[in-house]
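# Tertiary structure, described
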Amino acid sequence: MRRRRSVSYTSEIAKSKPVEQLERVVIRFAGDSGDGMQLTGDRFTSETAVFGNDLATFPDFPAEIRAPAGSLPGVSGFQVHFADHDILTPGDQPNVLVAMNPAALKVNIGDLAKGGTVIVNTDAFSERNLQKAAYTASPLEDGSLSDFHVHEVALSSMTIEALKEVDGITSREAERSKNFFALGLMSWLYHRPVEGTLAFIESKFSKRPEIAEANAKAFKAGWNYGETSEDFAISYEVAPAPLAPGTYRQISGNTALSYGLIAASRLSGLPLFLGAYPITPASGILEELAPLKHFGVRTFQAEDEIAASGAALGAAFGGSLAVTTSAGPGVVLKSETVGLAVTLELPLLIVDVQRAGPSTGMPTKPEQADLLLVMFGRNSESPVPVVAASTPAGCFDAAIEAARIAIKYRTPVFLLSDAYLANGSEPWLIPDVDLLPDISTEFATTPNDGERFLPYKRNDETLARPWALPGTPGLEHRIGGLEKETETGNVSYDPDNHDLMVRLRAAKVAGIAADIRELEVDDPDGADTLVLGWGSTYGAIGAAARRVRASGRKVATAHLHHLNPFPRNTGEIVRAYDKVLVPEINLGQLRMLLRAEYLVDAIGYNKVRGRPFQAAELEGAIIVLVDS
């Protein structure tokens, strides 16, 4: 929380308090998984977006639907970083921790910056809750929080007291509104708008007017407590950030990806079909698209991952923009269908929202460990293009790009996101639809070889085969998993033909390199060290590079959005630098590919902790390499 300037006033506390201007703040809301921390963080974020700050968020919640109340594994957190300038990450360390119970304090206090602010719900610090959190003594009394500014607030009891005159709610229901009390307090403390939250409460709880009234009263009570309590002698302002002109909205990665799929459907002129089986953290895409039938979207919740991908491939055969979504464990089950799509040469988008594994692993935690899976996780020679999103808002553009490649080259395409991107959010400049790319396609309607139709006769430029809808007169043809005879598509076991078809399919994917943007390098000072990343490490790498340059050192950065094929100038770039660092939330998968493809001695920085990188740790790794 870097201070820019301070303003003091001498009015009475109840009427006016000093206001301090800050450049940026990182706040973490933490509590039991039933305390509404995700909702609280999301509302604070929404009002921050309305206010005009740049922001980035990191929701962090347990995999269990409802872990034991008050337990350490049941802690749910939401971190939001907002600033008066451009930012790239949700922040390394929170400046403020709002802890709703001892477990939330225990899990998160180690991340808080020294000198930071702690707001604790003292009502939750009972002997039983302290034992659940493995405290032998109350941290509010033993001096263990002496490095922080601690505000002890009786959130639960004050909420119940504020709502005692609301008809139709029990004491238990009143206590559950304490998250809105906390939200009101934080909204006062950082001068967040209130109108949007009050309208949200009225809309969300419209079917229970008494609950809506209770939450609104709790929110206002929190605000008034901040204004009148002597415990909070100062409030803070973070000015709006200078952003490019246009209309913005807060958006998460899963929502942006969903909207990108709809945009791709409209841009291509194809109806959108999603075949999916619910799985964390990809389920949000199915939930986002299911209500949007008025945009020509069809969603099919299948009985398993295999059925979901099979239905999607069938939809591709029928002329839809076909998508199937999952996470790593589900992508494994889809592999046979992806191989079938390779040999059928039909467009199919497979969205992999990566999570920590192997097997079930840590379902709600991010990881980048599916790269080799999507590259090679199929039998035989079956290359598939791979596109990776790098920011929550960038998931929109990544979805359109993946759809463009799939349609143009008649191939399945993997689109990689991860749990950090899926659940994180940031401001999104709503694009001018007239500037989006035209990815329209034409179906085959007439024979392409005199009176005959050859289903595997290829476009000279793209090597794509024609897309003929079933039932088109004169274009009847055979499909299936057995090897095709070149051009005719008949079943063939001829060795020379098989060699030809394998090479043609590989050449088609390799040729996409000529149709994607070259790798761009940010190197303002002529560095000899390059930091090359992919996926959600984008923000941490960028923030770390800023810090390294501020220290007077030189470093270049580049980020891959196409991982198969690589951009055509990738080899030229990585060979141009003496040292190449590849940070990944895996044990070195991109590094392995780069070393194999370009014979460069790339160095990895690798951690798999179920958390995104912090800018500070990457800064340290970069400085060590630059100075070596």
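Now for a quick tour of the structure. Keep in mind the model is a prediction, meaning the values are calculated, not measured. (Residues numbered from 1 in each chain as written. Predicted model: local features only at pLDDT ≥ 70, side-chain atom pairs only at ≥ 80, totals over all residues. Heavy atoms only, no water.)

### Points about the overall build of the protein
Each helix and strand in the protein was counted, giving 20 helices and 23 strands. Its C-alpha radius of gyration of 27 Å places the protein within 12% of the 25 Å reference for a compact globule of 628 residues. Looking at the protein as a whole, 57% of its 628 residues qualify as buried. Summarising the internal contacts of the protein: among those between residues at least 6 apart in sequence, 76% fall at separations of at least 24. Side chains of the protein carry 58 positive and 78 negative charges; the gap between the two charge centres is 1 Å. (Helix = DSSP H or I, 4+ residues; strand = E, 2+ residues; numbered from the N terminus. Rg over C-alpha atoms; globule rule 2.2 N^0.38 Å. Buried < 20%, exposed > 50% of the residue type's maximum accessible area, 1.4 Å probe, protein only. Contact = heavy atoms within 4.5 Å. Lys, Arg positive; Asp, Glu negative; His and termini not counted. Charge placed at Lys NZ, Arg CZ, Asp CG, Glu CD.)

### Let's talk about the pattern of salt bridges
Applying the stated criterion across every chain yields a total of 28 salt bridges. When the shortest N-O distance is used, the salt bridge between Glu175 and Arg172 registers 3.6 Å. In this pair, Glu175 and Arg172 both sit in helix H5 (residues 171-175), three residues apart, roughly one turn of the helix. By relative accessible area, Glu175 is classed as buried at 17%. (Salt bridge = Lys/Arg side-chain N within 4 Å of Asp/Glu carboxyl O.)

### Notes on the side chain of Lys365
The residue Lys365 is located in the loop between strand S14 (348-354) and helix H13 (371-376) in this model. Looking at Lys365, its side chain comes within polar contact range of the side chain of Asp60, at 2.5 Å. (Polar contact = N/O pair within 3.5 Å; in protein donor to acceptor, adjacent residues only side chain to side chain.)

### Details of the sheet that holds strand S21 (residues 562-564)
Strands sit in the order S12-S11-S13-S14-S16-S15-S21 across an open sheet of seven strands; the sheet is mixed. The open sheet has two edge strands, strand S12 (297-301) and S21, and neither has a second partner. The mean angle between the axes of side-by-side strands here comes to 20 degrees, regardless of whether they run parallel or antiparallel. (Pairing = 2+ DSSP bridges. Axes fitted to C-alpha atoms, helices over the stretch in contact; angles between N-to-C directions.)

### What about unusual backbone geometry?
A cis amide bond links Thr280 to the next residue, Pro281, at an omega of 0 degrees. With respect to the secondary-structure elements, Pro281 resides in the loop between strand S11 (272-276) and helix H10 (283-289). Of note, the amide linkage connecting Gly357 to Pro358 takes the cis form, showing an omega dihedral of 5 degrees. In this structure, Ser380 is a non-glycine residue whose phi angle is positive, near 65 degrees. Tracing the backbone through its elements, the reader meets Ser380 in the loop between H13 and strand S15 (386-388). Non-glycine residue Leu599 carries a positive phi angle of around 55 degrees. Tracing the backbone shows Leu599 in the loop between helix H19 (589-598) and strand S23 (603-606).

### With respect to helix H11 (residues 305-317)
In this model, H11 (13 residues) spans 19 Å end to end at C-alpha, consistent with the 18 Å of a helix rising 1.5 Å per residue. Glu305, Ala308, Ser309, Ala312, Leu313, Ala315 and Ala316 are the residues of H11 that are buried. Buried residues of H11, seen end-on, are gathered within an arc of 155 degrees and therefore sit on one face of the element. Those residues of H11 that are buried lie in contact with S11, strand S13 (321-326), helix H12 (328-344) and S14. Where H11 begins, the capping side chain belongs to Asp304, and its oxygen is found 3.1 Å from the backbone nitrogen of Ile306. Directly after H11, the chain includes Gly319, whose backbone phi takes a positive value near 100 degrees. (Expected span 1.5 Å × (residues − 1). Arc of directions from axis to C-beta.)

### Digging into the nonpolar core
Ranked by size, the top nonpolar core spans 94 residues in total, and within it Leu261, Leu289, Leu530, Leu532, Leu563 and Leu590 carry the most contacts. Considering every element that reaches this core, the biggest residue donor is helix H14 (residues 394-409), with eleven residues. Leaving out residues up to four positions away in the same chain, Leu261 has contacts with Leu272, Ile285, Leu289, Leu321, Val323, Leu349 and Ala399. Core analysis: the second largest hydrophobic core is formed by 42 residues, Phe78, Met100, Ala182 and Val238 among them. (Core = buried A, V, L, I, M, F, W, Y, C linked by side-chain atoms within 4.5 Å.)

### Examining the pairing of strand S3 (residues 24-32)
Counting buried residues along S3, eight of its nine residues qualify, which places the element largely inside the surrounding structure. One ladder, built from nine bridges, connects S3 with strand S5 (residues 75-83); its direction is antiparallel. Bridge assignment links Arg24 to a residue of S5, and that residue is Ala83. Sheet topology places S3 next to strand S6 (residues 96-99); four bridges connect them, and they run parallel. Looking across to S6, one finds that Phe29 is bridged to Val98.

### Considerations on the environment of Glu483
By the element assignment, Glu483 lies in the loop between strand S17 (425-429) and helix H16 (495-510). For the pair Glu483 and Ile65, spaced 418 residues apart in the sequence, the C-alpha separation amounts to 46 Å. Once you skip the residues sitting within four places of it in the chain, Glu483 turns out to touch Thr343, Asn490, Val491, Ser492, Asn497, His498, Met501, Val502 and Arg505. A distance of 2.7 Å separates the side chain of Glu483 from the side chain of His498, its partner in a polar contact. One polar contact links Glu483 to Arg505, side chain to side chain, over a distance of 3.1 Å.

### Thoughts on the sheet that holds S23
As a general point, the strands of a sheet are linked pairwise by backbone hydrogen bonds and lie either parallel or antiparallel. Here we have five strands laid out as an open sheet, ordered S18-S20-S19-S22-S23, and mixed in their pairing. Both edges of this open sheet fall to strand S18 (521-522) and S23, since each of them pairs with a single strand only. Across five bridges, strand S19 (residues 529-534) lies against strand S20 (residues 556-560) in parallel orientation. When the bridges of S20 are listed, Gly533 appears paired with His559. Sitting on the sheet, H19 is in contact with S19, S20, strand S22 (579-584) and S23, with an inclination near 145 degrees to S22.

### Some words on the packing of H11 against H12
The interhelical angle for the contact between H11 and H12, taken along N-to-C directions, is 25 degrees, at an axis separation of 8 Å. Comparing their axes, H12 and H11 come out roughly parallel. Both H11 and H12 take part in a crossing whose hand is right-handed. Residue-level inspection shows Glu305, Ile306, Ala308, Ser309, Gly310 and Leu313 of H11 in contact with H12, the latter providing Gly330, Leu333, Lys334, Thr337, Leu340, Ala341 and Leu344. The residue inventory of the contact of H11 with H12, partitioned by class, reads seven nonpolar, four polar and two charged. (Parallel < 35°, antiparallel > 145°, perpendicular 65-115°, else oblique. Left-handed = near helix turned anticlockwise from the far one by under 90°. Nonpolar A, V, L, I, M, F, W, Y, C, P; charged D, E, K, R; others polar.)

### Topic: the packing of helix H4 (residues 155-162) against helix H6 (residues 178-189)
Where H4 contacts H6, the two axes come as close as 9 Å, and the packing angle between them is 100 degrees. Judged by the inter-axis angle, H4 sits roughly perpendicular to H6. Across the interface between the two elements, Leu155, Ser156, Met158 and Thr159 of H4 pack against Lys178, Phe181 and Ala182 of H6. Its residues assigned to classes, the contact of H4 with H6 comprises four nonpolar, two polar and one charged.

### Section: the side chain of Thr117
Within the element layout of this structure, Thr117 appears in strand S7 (residues 117-121). Owing to a relative accessible area of 12%, Thr117 belongs among the buried residues under this scheme. With sequence-adjacent residues up to four places away left out, Thr117 is seen in contact with Asn95, Val96, Leu97, Leu112, His149 and His151.

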